[in-house]
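Each chain, written out:
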Amino acid sequence: MRQKADNTEKQSIPDKHLIVAILVLFLATFGALGGYQLYAMVTEGKPTVKTAEMRREETIDGYESPEEVAEYVLYWIHQDDLDLALRGCAIEEIAQNFFLQSYCEVLETFPYTDMLAPSDYESPAYMKINQARMTAVYSDMVEQCIGILGSEVDLEIVSIAADIPENADGYYYQDIRDICSIVGARDARNVVIQMLVDGVPRQMTMTAARYRSHWKIIQFSAYDNYNYTEPQIAEYAEMSASAELPIPWEDMQEQILPCNYLIAGNESEEDPEKLIRKWFVYLQRGDIWKALSYCDLYSMDEEWYPDSVFFSKQSAAAATLQKIYYDLLLSDANQMSWIYQNVKDEAVNLVSLLDTSNMVYTSLTGLQVLEEGDNYIKYQVNYSYDWKGFSRVVTLNYENGWKIEGIE
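Throughout what follows, the structure given in this document is the object of discussion. (Residues numbered from 1 in each chain as written. Predicted model: local features only at pLDDT ≥ 70, side-chain atom pairs only at ≥ 80, totals over all residues. Heavy atoms only, no water.)

Moving on, we get to helix H7 (residues 170-183). If you check H7, its first and last C-alpha atoms are 20 Å apart, about what 14 residues at 1.5 Å a residue would give, namely 20 Å. Residues of H7 that are buried: Tyr172, Ile176, Ile179, Cys180, Ile182 and Val183. In a view along the axis of H7, the buried residues occupy a sector of 165°, so they form one face of it. After H7 finishes, the residue Gly184 shows a positive phi value of roughly 70°. (Helix = DSSP H or I, 4+ residues; strand = E, 2+ residues; numbered from the N terminus. Expected span 1.5 Å × (residues − 1). Buried < 20%, exposed > 50% of the residue type's maximum accessible area, 1.4 Å probe, protein only. Arc of directions from axis to C-beta.)

Evaluation of the coordinates by the stated rule reveals 11 salt bridges. For Arg285, the salt bridge is made with Asp287, and the minimal N-O distance between the two is 2.9 Å. The closest approach of N and O atoms between Lys323 and Asp327, which form a salt bridge, is 2.8 Å. Separated by four residues within a single helix, Lys323 and Asp327 lie in helix H10 (residues 308-329), roughly one turn from each other. (Salt bridge = Lys/Arg side-chain N within 4 Å of Asp/Glu carboxyl O.)

Counting residues in hydrophobic clusters, the biggest one holds 116 residues, and the most contacted among them are Ile94, Leu100, Tyr138, Met195, Met204 and Phe220. For this core, the element with the highest residue contribution is helix H6 (residues 124-149), accounting for 12 residues. (Core = buried A, V, L, I, M, F, W, Y, C linked by side-chain atoms within 4.5 Å.)

Moving on to the layout of surface pockets. By volume, the largest pocket amounts to about 1,100 Å³. Forming the boundary of the largest pocket are 36 residues, of which Met115, Met134, Val137, Gln219 and Tyr226 lie nearest the centre. Put simply, the parts of the chain that give the lining of the largest pocket at least two residues each are helix H5 (100-107), H6, H7, strand S5 (214-219) and H10. Of all the elements, H6 adds the most residues to the lining of the largest pocket, at eight residues. Considering only residue class, the lining of the largest pocket consists of 20 nonpolar, 10 polar and six charged. Empty space within the second largest pocket amounts to approximately 490 Å³. The wall of the second largest pocket is formed by 24 residues, among which Glu93, Gln96, Asn97, Tyr211 and Arg212 lie closest to the centre. Broken down by secondary-structure element, the contributors of at least two residues to the lining of the second largest pocket are helix H4 (91-97) and S5. Ranked by residue count, the leading element in the lining of the second largest pocket is H4, at four residues. Of the residues belonging to the lining of the second largest pocket, the class tally is seven nonpolar, eight polar and nine charged. (1 Å grid on protein atoms, 1.4 Å probe; cavity = no way out; pocket = protein on both sides within 12 Å on 5 of 7 lines; lining within 4 Å. Points joined across faces, edges and corners; volume = space filled by probe spheres on them. Nonpolar A, V, L, I, M, F, W, Y, C, P; charged D, E, K, R; others polar.)

Looking now at empty space enclosed by the protein. For the structure shown, the criterion picks out one cavity of 30 Å³ or more. The volume enclosed by the largest cavity comes to roughly 70 Å³. Trp279, Phe280, Leu283, Ile324, Leu328, Met359, Val381, Tyr383 and Arg392 are the residues that line the largest cavity. Residue assignment for the lining of the largest cavity shows that the elements contributing at least two residues are helix H8 (272-285), H10 and strand S9 (376-385). Ranked by the residues each element gives to the lining of the largest cavity, the list is headed by H8, at three residues. Classifying every residue of the lining of the largest cavity gives eight nonpolar, no polar and one charged.

Phi angles above zero are rare outside glycine, and Asp198 is one such case at about 50°. With respect to the helices and strands, Asp198 occurs in the loop between strand S3 (187-197) and strand S4 (200-211). Within the chain, Asp386 stands out as a residue other than glycine whose phi angle is a positive 55°. Of note, Asp386 is situated in the loop between S9 and strand S10 (388-398).

Consecutive residues of a regular strand have side chains that alternate between opposite faces of the sheet. Among the 11 residues of S3, nine are classified as buried, and the element is accordingly described as predominantly covered. Two elements, strand S2 (residues 155-163) and S3, share eight bridges in a ladder whose sense is antiparallel. Bridging across to S3, Glu156 finds its partner in Leu196. Here S3 folds back onto S4, and the loop between the two strands holds two residues, one of which, Asp198, carries a positive phi near 50°. (Pairing = 2+ DSSP bridges.)

Time to look at the sheet that holds strand S11 (residues 402-407). A sheet is described by the order of its strands in space; here four strands give the open sequence S8-S9-S10-S11, paired in antiparallel fashion. Two strands in the sheet have a free side with no partner beyond their single neighbour: strand S8 (363-372) and S11. Here the average twist between neighbouring strands, direction ignored, is 35°. Against the sheet, H8 touches S8, S9, S10 and S11, its axis set at about 140° to S8. Set on the sheet, H10 makes contact with S9, S10 and S11; between it and S10 the angle comes to about 165°. (Axes fitted to C-alpha atoms, helices over the stretch in contact; angles between N-to-C directions. Contact = heavy atoms within 4.5 Å.)

Turning next to the pairing of S10. One ladder, built from 10 bridges, connects S9 with S10; its direction is antiparallel. From the neighbouring strand, Tyr379 faces S10, where its bridge partner is Val394. Connecting S9 to the next strand, S10, in antiparallel fashion are two residues, including Asp386 with a positive phi near 55°. Note that S10 and S11 share five bridges and pair antiparallel. Each residue of the ladder has a partner; that of Val394, found in S11, is Ile407. In sequence, S10 turns back onto S11 through a hairpin of three residues, with Asn400 there showing a positive phi of about 60°.

One can describe the packing of helix H11 (residues 333-341) onto helix H12 (residues 343-353) by two numbers: an axis separation of 7 Å at closest approach and a directional angle of 140°. Relative to H12, H11 is oriented oblique. Contacts from Gln335, Met336, Trp338, Ile339, Tyr340 and Gln341 of H11 reach H12 at Val343, Glu346, Leu350 and Leu353. Split into classes, the residues belonging to the contact of H11 with H12 amount to seven nonpolar, two polar and one charged. (Parallel < 35°, antiparallel > 145°, perpendicular 65-115°, else oblique.)

In short, shape yes, function no, at least from these values alone.
Below, the structure written as structure tokens:
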């Protein structure tokens with residue numbers, strides 16, 4: 001019996017060594033892959049940059065009333081400060097909480113990439129796309145307001161008050177619920193600002209929304225005027241009595257909210273094919289800011305600063321990436337025909353189709369040079385997904401490195 005036991009023990013030793021070796025190999029392999037991913041994400045260029053204005057540290061976390069945040073945004077508009085005014089707008093909040101399912105169910109339409117991407121499943125790629133797009137929306141509105149209410153005008157604030165109808169009916173509260181379900185807010189209110197602009201009575205209306213305990217501006221118009229492309233500022237004949245402001249006007253200069261927007265880095269490559277391959281990997285991984293950093297967004301002027309023109313270019317590039325995702329994930333024409341005919345009922349299925357985690361199943365199948373010049377190259381980029389072939393025409397230009405000029 002003793003001899004048999006010894007033999008069994010001897011036979012188990014190499015088995016144990018084999019198991020240990022397999023485990024070590026397994027851990028080493030996946031550790032190396034994980035280490036590569038971490039290394040790549042940490043060291044591959046600068047996906048975003050910060051200006052001196054963006055580095056200004058916050059002094060407050062947020063505002064607990066809609067009137068306060070409306071005053072904050074208006075104050076920094078009057079100071080011609082785009083950066084600080086943007087911080088009072090719901091850029092991150094809408095980017096991270098835009099529910100496409102609710103949008104489709106409430107409005108019974110699916111505008112493809114004319115609308116934000118879904119945050120329903122907390123896709124990092126879509127949230128970053130939305131952040132770029134919302135920054136452009138609000139920077140355009142803020143700059144329009146600066147042109148009307150900036151430091152060049154004499155501005156006197158008469159009153160700032162949340163506007164709740166005296167006889168609010170069920171339709172009012174249903175509209176508020178619909179708005180909140182789409183933008184992921186807990187509450188929403190119109191805020192009416194009465195003021196004198198160079199002595200002329202004016203009334204401005206904003207919509208503020210509550211996220212957790214803080215309020216942000218979601219529209220520069222009343223909540224039911226969401227299609228406005230200009231701030232809702234009108235001459236007003238009857239001014240209400242002057243009222244104490246939520247925060248003393250002279251104290252507003254010390255009020256700074258956290259920075260809530262990003263600017264893509266300015267990266268390039270000396271090898272154009274390397275640029276395309278890395279850019280495609282960024283799309284697969286959902287690294288939107290790295291993908292945008294390869295796009296030709298920057299002016300070559302020595303004194304560059306971000307404004308609505310830059311943010312519009314950044315937004316357009318982000319919308320193009322959104323379209324690449326949509327064209328791929330919604331490529332079944334028959335399925336999409338049914339969804340368009342039944343948008344409200346099919347909203348949940350539509351959102352599930354747009355899951356960016358499926359990008360892991362895409363593969364880059366080839367690059368074909370269509371045109372080539374001294375400082376530009378036009379590629380046909382071929383890739384596959386779900387046994388289907390896709391292609392995009394990507395144009396690169398060279399100026400201190402290759403960058404993406406356009407995507408068709």
